[in-house]
Amino acid sequence: MELTEMLRRLTELAGISKDNAKIAQTIQPLLPPGTHPIQLDPLGNLLADITPHTEGKPYLLLHAPLAQAEMVVTYIDAAGFIHPAASGSIDSRVLLAQEVTIHGKRPVSGLIATRPPHLEQEADRKQVPPIENLLIDIGMTKREAETVIAPGDPITINGEWLQLANHRVSAPCLNSHAGVAVLLRTLALLQGKNDRCGLGILFSIQKQLHARGAVTGSFTMNPDLAICIDTGCGRTAGIEAHRAGELGKGSMIGISPVLSRQISSQLQKIAEENHIPYQLDVKGGLTATAADVIGTSRNGVQTGLLSVPLLYMHTPVETIDLLDVENTAKLLAAWICSL
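Just so you know, these numbers come straight off a predicted model, no measurement behind them.

Considering the pairing of strand S7 (residues 107-113)
In step 1: Only one face of S7 is buried, namely the one carrying Val 108, Gly 110 and Ile 112, since none of Pro 107, Ser 109, Leu 111 and Ala 113 on the opposite face is buried.
In step 2: As paired elements, strand S6 (residues 99-103) and S7 share five bridges and run antiparallel to each other. Considered in S7, the bridge of Val 100 is made with Gly 110.
In step 3: Taking the residues between adjacent antiparallel strands as the criterion, S6 and S7 are bridged by three residues.

What to know about helix H9 (residues 322-337)
Residues that lie three or four places apart on an α-helix share one face, since the helix turns once every 3.6 residues.
In step 1: Under the 1.5 Å per step criterion, the end-to-end length of H9 is 23 Å for 16 residues, consistent within 8% with the ideal 22 Å.
In step 2: A large share of H9 lies buried, amounting to 13 of its 16 residues.
In step 3: Backbone nitrogen of Leu 323 and a side-chain oxygen of the N-cap are separated by 2.8 Å at the start of H9; the cap is Asp 321.

Quick notes on unusual backbone geometry
In step 1: Phi angles above zero are rare outside glycine, and His 275 is one such case at about 55°.
In step 2: Inspection of the secondary structure assignment puts His 275 in the loop between helix H7 (261-273) and strand S15 (278-282).
In step 3: Judged by its relative accessible area of 72%, His 275 falls in the exposed class.
In step 4: Phi is positive for Ala 288, which is not a glycine, with a value near 60°.
In step 5: Mapped onto the elements of the fold, Ala 288 is located in the loop between S15 and helix H8 (291-294).

As for the domain arrangement of the protein chain
In step 1: When its domains are assigned, the protein chain resolves into domain 1 (3-67 + 173-337) and domain 2 (71-157).
In step 2: Around 790 Å² of area is buried between domain 1 and domain 2 when both sides are counted, 67% of it from carbon and sulfur atoms.
In step 3: Summed over the shared surface of domain 1 and domain 2, the number is zero residue pairs in polar contact (both at pLDDT 80 or more).
In step 4: Per-class residue counts for the side of domain 1 that touches domain 2 are five nonpolar, three polar and one charged.

Here we look at the side chain of Asp 77
In step 1: Mapped onto the elements of the fold, Asp 77 is located in the loop between strand S4 (70-76) and strand S5 (82-87).
In step 2: A distance of 3.0 Å separates a polar atom in the side chain of Asp 77 from the backbone nitrogen of Ala 79.
In step 3: A polar atom in the side chain of Asp 77 sits 2.8 Å from the side chain of His 83.
In step 4: Residues within four places of Asp 77 in sequence aside, it is in contact with His 83, Leu 135 and Lys 142.

Things to note about the pattern of salt bridges
In step 1: Applying the stated criterion across every chain, the model contains five salt bridges.
In step 2: A salt bridge links Glu 326 to Arg 185; its shortest N-O distance comes to 2.9 Å. With Glu 326 in helix H9 and Arg 185 in helix H5 (residues 174-190), the pair connects residues that are 141 residues apart, well separated along the chain.
In step 3: With relative accessibility at 15%, the residue Glu 326 sits in the buried group.

Looking at the packing of H7 against H9
In step 1: Contact geometry for H7 and H9: axes closest at 9 Å, N-to-C directions at 110°. Regarding the angle of H7 to H9, the classification is roughly perpendicular. Taken together, the residues of H9 that come into contact with H7 (itself represented by Ile 263, Gln 266, Leu 267, Ile 270 and Ala 271) are Leu 331, Ala 334 and Trp 335.
In step 2: Partitioned by chemical class, the residues of the contact of H7 with H9 number seven nonpolar, one polar and no charged.

Notes on the packing of helix H1 (residues 3-11) against H9
In step 1: Interhelical geometry of H1 versus H9 gives an angle of 105° and a closest axis separation of 11 Å. If you check the angle between H1 and H9, you find them roughly perpendicular. Note on element contacts: H9 touches H1 through Leu 322, Val 325 and Glu 326, opposite Leu 3, Thr 4 and Leu 7.
In step 2: Its residues assigned to classes, the contact of H1 with H9 shows four nonpolar, one polar and one charged.

Criteria and thresholds
Residues numbered from 1 in each chain as written. Predicted model: local features only at pLDDT ≥ 70, side-chain atom pairs only at ≥ 80, totals over all residues. Heavy atoms only, no water. Buried < 20%, exposed > 50% of the residue type's maximum accessible area, 1.4 Å probe, protein only. Helix = DSSP H or I, 4+ residues; strand = E, 2+ residues; numbered from the N terminus. Pairing = 2+ DSSP bridges. Expected span 1.5 Å × (residues − 1). Polar contact = N/O pair within 3.5 Å; in protein donor to acceptor, adjacent residues only side chain to side chain. Domains from an automatic or database assignment. Buried area = accessible area lost by both parts, 1.4 Å probe. Nonpolar A, V, L, I, M, F, W, Y, C, P; charged D, E, K, R; others polar. Contact = heavy atoms within 4.5 Å. Salt bridge = Lys/Arg side-chain N within 4 Å of Asp/Glu carboxyl O. Axes fitted to C-alpha atoms, helices over the stretch in contact; angles between N-to-C directions. Parallel < 35°, antiparallel > 145°, perpendicular 65-115°, else oblique.

Quick look at the structure:
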């Protein structure tokens, strides 16, 4: 399947853990022939063996997160308004007047309500209200709402797929589904070429909650090596050049004390030998990705990190360059073939 269409289909999925069975059904046909069926573990991760463990060869785990930043229902007040709370990182600056979907017994549309300007003090209008102070109007009474919505139901911000100029696309959930697209594209590039290692994939949930899915999923897969695919902060106005990646300039190769320096160096060498554009993403400590926990799974896993530069993270208009997705997949496939 063509990369743009594959990514568009992925972003149409809600990206919430309760829908992971549907996501598995979407991903399974995109995997190489002969791949074991995707397994849904008790936590909600998706796991699959592409090439089984083979004695004398390393087993490599490829990981990408599978969840978008979301909110949850805390309670329904007497007037029927929904009161949300954040579940992980979400940019509260973009929430006012947004359209949302509450994933209850059935999807329920709502609007994040704001107070009329004449009821607010001037100082209040200059402040970004915390998520806990927002209300969601679904047009129902409390009794009606309680028939379809319950505390703990996930809430996602609505958004749409938008094709921009210069290979750029914008959509909700690119923060996770860009990584899924990279891995699916990598597997397509590897067909008939990988005889160097056993290979498994892990699409983990709860990235925003201390990467809990990556903790349990990597323990189950028990790899010798791992490469995590994520997104990195893209360069926009006001961000220092060395703190962000530039869209269209290639994958961001992670360098950090928690990552394998050997793998990071190998990725740079392979990129240069194959004329694949890349950037460096240097961190002085943790990477804030699943690599932080996969590296300490069981007795330790040599782990590398590749990130796709992304603009407007944790908003409904996350933006990437499709060339970065393609070049990240090319780099990862070339590195695997070099093992």
